[in-house]
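Per-entry structural report
Read off the chains here:
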Amino acid sequence: MSEPVAFPRGKRKSATSAKEDTHHPSKKHAVSASTSAETIEKDFLFGSSAASDLADVGRSKRGNSSSQHQQYDMSPTVVSQLPLGGGAVLPAMVTSSGKRIPPKIELLSFSKLAKGTKVLGVIREVTPEYAVVSLPTMLTGFVRRTDENDPPLTRVLPPANTVMAFSIISTTTQEVSKKDKTNNPNASVKKRRIELSPWPVHVNAGVNIEEFLKSTETNANDGAMMAVRGKIISVEDHGCIVDLGGIASGRQAFLKFENVDGEYDVVDDEGNEDDDNDDEDDDAIMVDTDGAATKRLLHPGRIYDFCILPSSTSQSILQVSLPSKESLTKLRSSPSMAPTISSLQPGMLTEVQVEAYAKNGICVSFMKGVYRGALDEDHLGGHRGVDDGKKKHLDKESGDPSMWWKNVFKGEHAKFTARIIAVDTSTKIVRFSINHHILALNGEYATFPHSVGTVIKNAQVIRVDAGIGALLALPSSEDTEEPYLDERRKLDKELSNNLLSNSDYRDASKVNTAYVHISKSMDNPDSDDKKGKKKSSNNNRTPDALFARHFSINTRVKALRILSTSNLVDGIASCATAKSIVDAHVLTHADIVPGKIYKDVPVVQLLDSGGVLVDLGIGTKGIIPATHLFDKASHGSLDAGGDLMISGYRQKIRQQKYKVGNKITVRCLTVDPAARQCVLTAKKTLLANDIDDPIVDYPVDHDRVAAGFLSKVDDTGLTVTFYNNVHGRVSSRSLAAELGVEDPIQNYNVGDAIAARVVSCERRRNRSTYDGDALYYYQLKLSLKTVGDKIDKSSSLSQESDGSAVPFAAGSIVMPKRMKVLQIVNCHSRDDGTFFSGYAVLSIKSKSFTGLPPSAGDSIECKLPFDQLLDSYELSNPPIELEKIGHKMLTVGKRIEAEGVILTIPNGVDSLPVVGLRPTLIKAIKMASSEDSPVICPSLKSNLFIGKYVCGYVTRIDERFGAFVRFLDGLTGLIPKLKKGLNENLFGTIFCKVTALDITSSPPKILLKKVTESEASKPTKRTGSKGSGVGQIQVGVVVGDVKVVDINFARAKVYIVGNDSSKLRARIHVTMANSLETTTKLSKKEKQFKEEHKIGKSHPFYNWKVGDVIPGVRCVSTDTRDGIAYVELSNRVESGLPAVVTEPSHLPPGSILSAIVTSVSKSSSNHGIWVQVCPGVSGFIPALEVSEDPDVLNDLATKCKVGSRITCCVMEQTGHNKLPISHNPHKDDHDSTKEDHKALFLSVLLVPGGVSENKESGYKPTKPQRADIVVGRINKKSTMQGPPSLMLNLRGGLIGRCCITELTDENEWTNMPFGRVIDVKTKAQERNKQQQVVSDSDADHENDDDKSLESDCETDDR
């Protein structure tokens, strides 16, 4: 073993002198043998390269190697000019008595680290803005997101527990003020911070890849690779462009996807500007649920350690690979080259040879003895354990039992493989580690058998760092299973270290350690001065002499407490041995448990607000509010002032019981670890109840009785809070019914301790948020009746109802004196002007109803709004008079003398049934029970039709629409403002007539017209025995047989057989007709008549003749004008009545209709089918909404014949749906509407069950996606985009472009410049055949701008 060599100073010898000394080995010869003054201007130790000379030396002995890790001889053929152990190692000394003191490796403390130092770190935490990294010597570094335009660090760094190299960019020390009222209010504390950089420009600084490429050219079969840091710049079709930080001499590096080892995922970076939650989701793809890495993400900004693949130095593109963690773990530097010291990188795996044993580690050499480094004892893979009085590790020379490594790293183990963890070029510091998790590059292997907060006894001091702290060996049991033992054995064998075969090393590797800092080693009580007074110190630092006396080598520590397990590089836990810390209840706010009782907690301070501040341990403070010092809240005044009321007597008790220094018992109410806030209670009731099982979370079991405190008291009830903010409500109605409490404010105070019983705990949907965590909440209902007999719901429900019981449903009449007022809630107005009517909560006995749900009790609670008391009101805006009326008519505790009616039965569990007292409405409901009643109060289940008289009340008046009229079960109709709906009285009872009805929607849409009570109540006139009166014909009623008197394309006039009334007009519209099942042949004259009126075989009237009798027709609509009844009839036998509306707006998007084709339009603006939906309402189906078959679209006139019936769906009106005004040329006296209307926009493809149905995007075509096959209509009038191209009209008004190079065979196209020419004359003749002949709508509605025959030749569907 060579002795330490001094670092060379001065000039070097010339090459001539070097030759003279070739036969005399010396350190001078070593210098001349490794360098050439003619070719190298600088010493390679300072950054220049002598790789070619060193390669020749190593190559001479490579032939005798048998494996990759032994490809060159590590014998010191070149004596290093570095000091023993590299930089920061104190040399060996000999004392005056002749005793030799071994070298000492200085720790990589904060002062040793400087800008440019490269260290190996383990990532502990990654957030979008910063990352926390564990560094050697139990230090911590930080990576910051420097610019908001930079990608979040979650998209840059790999996940936690990844081991990778970092470069230190700054080390700062700041003095921050720490407020300490007890000792020094302005004491300053030094905060040290290490800023790290993972970027290639810093990590790769000094790396020279040219020498590596030259060596690979010389040794083509070497197979070596070089690891460097890289950042993905962009993702291309076949790989990624990688930035190496400028070390590639201007060349770009490229990563082929085939060179990625393991699974990967290419992430689209278009959403890089999204919020940070998306970035965190990306990382979730990388890590499986058990924490194991599954895929690596490839996207711009992500950094990895890449490998330089062997290639020629003349290539412009540098090929790299992305190795897996397993491959990177075994990667060694090229044996044919020796990098400069600036090229040494943390993470490099190399073979080292022991040169000397240091007092706290090993000094080694590597790279054929050119370089020197050191391994301190924390990175030898083990520690000296607890000796139990047996000094088996005692060193014979020094007598130091801690130098156990001298018995291990000798002989065959003097050479082993280690990984570099720190490199500092300026100070020549090179440090290694053979800790298992460092060799494996996996932070998860840094195991800590004891969790934070664990108290361990009988640990032993195995190292003392004077003035800093001590390393303690933790006792272990022989039965304890060693974690990751198989992985350690496998890696030890693969690296050929075979250290685990040594029994001493195997025992040392099992030892777990913890480090105690001097500041947490023992409590430092104030000492007495000469006068006997306590001297206060400004800090808690233990004197060095006192620490050395209590923590000497082999000293046993009675108890310690684990404080942290975040030192992932060293694998050493942080602990404290001070009694105050070991015995502390908690270490941080994160250790505080809501509902837990903490005893002997010292009082720190009495607050001016009346509260008390206590210390739960190690400076973890908690506050006891003044309301939690006593069980009952008091009424008085705080002597020291303040808003909180504490009586003078209680103030005196507070001063005595909660004196500073007194130890008390408290219980945690709530804790917020992030804000470091904790609220405690000292109430005796809370300390004595629910000790083992407090209520700290939802859900809560029913009928459970627990102690809590009142956190809110108002006229609606009480809020009882338990622990961890779990709270529930006791309603004022419950207090009145169970305890007879009329006013909760007079009986209870905030802060009172109280016992409550859980009535129900229900999970509800939070409709105000879409956050996953807050999407649901729990509603806790409580009762203060904690004792007594439980209600037997089964027996109460089984009680027989009296004879006046009515069904529990809307429209049921409640008898007088059955409703009792429990509570009155006043009216309320919000700041935005919204007015909420007051109401009374009523109680009705359950025996008054039938069909109650099983959960009903003895009584049912209902709500009686103030606007349901009278038939009419005289109100202002807002209607504040309602509150006065409600208090005048209703009294809490009194029964209501009048009859009531149930208006609504809500579905929600929270809502109450609504009742009303309107006399007129109740009278109408009673009369509606008879069949002869002309007026009803409809509900959602009523068979409503046009012309029916209804009774309801005005619930709202909107200036935009009119008056909204409410009926039973929430059914609502509208009196339009054009029908003087704005003139109605708010909340007034009203009689109306149904003028329009849309039953296709749910609930149905109803248009109303106000009528007088006399008009609505007028009985229906009846005729004689023939029963043929006009008034008997109602919607939905089968009128019998009718006889056809006249036919045209749009309608058939008929008269009802047996009804000779001159005041009745009846017809069957084409949309309401079905073909007759008859085989009678038409005469020649009849066929000529059909042809003149264009009634083809597909038309419903084709086999109808004048004089035919149509059996079993039904009435679908009635209207009376000028004393004449106009009746629309239908012989369609489908279930339900055909839809009859007067306005297209009555048919909302999504309505499914059956329509009659009236014409086919081929115009360039409106290409499609015109249809008739019902009398007076027409629609248009664009050609692209008819079918997805181009053959059908190019021959619509044949495929969709005029007069045929087609099923379609109403589409949403968009900016592209611009249709002309529809016109009806066949109007007769049946049509009351004189003005024209807009046509409906319809679609066949959106009918449910169709191939193009897409309900998720509404009732309109969806935008095509990539790879979708679509049908388009050629539009040569549209301006070409990127000519030459073909412009297409797509569904939904979208425009498509087809490049001319993407067209199929040109011979298959017509009307194209390079296609076949179509015969214009033939096309014109075809057009004449497809002209509209007759329609229920005017032909002008097609807007056919056929200015020339050529226009018909300009479009085609494909």
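Residue indices follow the written sequence of each chain, beginning from 1 at its first position. For this predicted model, a pLDDT threshold of at least 70 governs which residues receive local features, and a threshold of 80 or more governs which side-chain atom pairs are given and counted, while totals over whole chains, interfaces and linings are taken from all residues. Water and hydrogen atoms were dropped before computing side-chain values, which therefore reflect all heavy atoms in the structure.

Structural notes on a positive patch on the surface
Any residue with relative accessible area above 30% and no salt bridge may belong to a patch, with like charges joined within 9 Å and the nonpolar Val, Leu, Ile, Met, Phe, Trp and Tyr side chains within 5 Å. Here the accessible surface of atoms and residues is derived via Shrake-Rupley with a 1.4 Å probe, and residues count as covered only by protein chains that are part of the display. A carboxyl oxygen of Asp or Glu within 4 Å of a side-chain nitrogen of Lys or Arg is what we treat as a salt bridge. Under the counting rule used here, the positive set is Lys and Arg, the negative set is Asp and Glu, and His together with the chain ends is not counted. A charged residue contributes its charge at one atom only: NZ of Lys, CZ of Arg, CG of Asp or CD of Glu. On the surface, a cluster of positive charge is made up of K820, K845, K847 and R895. Working definition: helices are DSSP H or I runs of at least four residues, strands are E runs of at least two. Numbering for both runs from the N terminus. Examined against the element boundaries, R895 turns out to sit in the loop between helix 18 (881-889) and strand 47 (900-904). Note on classification: 1.4 Å probe, protein chains only; a residue is buried when its accessible area is under 20% of the maximum for its type, exposed when over 50%, partly exposed between these limits. Residue classification places R895 among the partly exposed positions, given a relative accessible area of 43%.

Some words on a nonpolar patch on the surface
On the surface, V1045, Y1055, V1057 and V1109 cluster together into a nonpolar patch covering about 330 Å² of accessible area. Within the element layout of this structure, Y1055 appears in strand 56 (residues 1051-1056). We classify Y1055 as partly exposed; its relative accessible area is 37%.

Brief notes about the packing of aromatic side chains
Centres within 6.5 Å are what make two rings of Phe, Tyr or Trp a pair, Trp counting through its six-membered ring; a difference in plane orientation under 30 degrees is then read as stacked, over 60 as edge-to-face, and the rest as tilted. One pass over the structure, following the stated rule, counts 16 aromatic pairs. Where W404 meets Y505, the ring centres are 6.3 Å apart and the plane angle is 45 degrees; that geometry is what we call tilted. Taken as a pair, W404 in the loop between strand 19 (371-376) and strand 20 (415-424) and Y505 in helix 10 (residues 503-509) lie far apart in primary sequence, 101 residues in all. No difference in accessibility class separates W404 from Y505, as the two residues are buried. Taking 5.2 Å as the distance between ring centres and 75 degrees as the angle between the ring planes, the aromatic pair formed by F808 and F849 counts as edge-to-face. Of this pair, F808 sits in the loop between strand 39 (806-807) and strand 40 (813-814) while F849 sits in strand 45 (residues 849-850), and the two are 41 residues apart along the sequence. An identical accessibility class is assigned to F808 and F849; each is buried. Three or more aromatic residues joined by ring pairs form one cluster here, namely W404, W405, F409, F416 and Y505. A ring is considered to have a charge above it if a Lys NZ or an Arg CZ atom is located within 6 Å of its centre and within 35 degrees of its normal. Against the face of Y776 rests R765, its NZ or CZ located 5.8 Å from the ring centre.

A few points about the confidence of the model for the protein chain
pLDDT runs from 0 to 100 and stands for how confident the predictor is about each residue. Chain-level pLDDT for the protein chain is 79 on average; 77% of the residues reach the 70-or-more range. Residue range residues 271-293 is modelled with pLDDT below 50. Its contacts to residues more than four positions away, or to other chains, number 37 contacts. In this description, contact between two residues means that some pair of their heavy atoms is separated by no more than 4.5 Å. Note that pLDDT drops below 50 for residues 789-800; the model gives that stretch eight contacts with residues more than four away or on any other chain.

Things to note about the sheet that holds strand 22 (residues 455-465)
DSSP bridges decide pairing: two strands pair if at least two such bridges lie between them. Reading around the barrel, the five strands line up as 22-23-24-28-27 and close back on themselves, with mixed pairing between neighbours. In this sheet, neighbouring strand axes are inclined to one another by 55 degrees on average, regardless of whether the strands run parallel or antiparallel. The pairing of strand 24 (residues 512-517) with strand 28 (residues 573-576) spans three bridges and is classified as parallel. Residue pairing in the sheet places V516 in a bridge with C575 of strand 28. For helices, the fitted line uses only the C-alpha atoms of the stretch in contact; every axis is such a line through C-alpha atoms, and the angle between N-to-C directions lies from 0 to 180 degrees.

Notes on the nonpolar core
Put simply, a nonpolar core is a bunch of buried Ala, Val, Leu, Ile, Met, Phe, Trp, Tyr and Cys residues held in one set by side-chain atoms that sit within 4.5 Å of each other. Counting 38 residues, the largest nonpolar core has F409, F432 and I434 as the members making the most contacts within it. Among the elements of the structure, strand 17 (349-358), strand 18 (361-366), strand 19, strand 20, strand 21 (429-433) and helix 10 are those that each provide at least two residues to this core. Non-local contacts of F409, meaning those with residues more than four positions away in its chain, are made with V354, Y357, I362, L380, A414, F416, I434, L499 and Y505. Core analysis: the next-biggest nonpolar cluster, separate from the first, contains 36 residues, V133, V143, I168 and I194 among them.

Looking at the environment of A356
Within the secondary structure layout, A356 lies in strand 17. Each C-alpha atom of the pair A356 and P103 lies 8.1 Å from the other, and the pair is 253 residues apart in sequence.

Quick look at the pattern of salt bridges
If charged atoms from side chains of opposite charge come close, those side chains can pair. Tallied over the entire structure, the rule returns 26 salt bridges. Salt-bridge contacts for E762 lead to R764; the nearest nitrogen and oxygen are separated by 2.9 Å. With relative accessibility at 12%, the residue R764 sits in the buried group. R1051 is paired through a salt bridge with D1046; the nearest N and O atoms lie 3.1 Å apart. Residue classification places R1051 among the buried positions, given a relative accessible area of 8%.

Some thoughts on the sheet that holds strand 10 (residues 226-235)
Read around the closed barrel, the five strands follow the order 10-11-12-16-15; overall the barrel is mixed. Along the sheet, successive strands turn relative to each other by an average axial angle of 55 degrees, direction set aside. In this sheet, strand 15 (residues 303-308) lies alongside strand 10 in antiparallel orientation, the contact comprising six bridges. In the strand pairing of strand 15, M226 is matched with I308.

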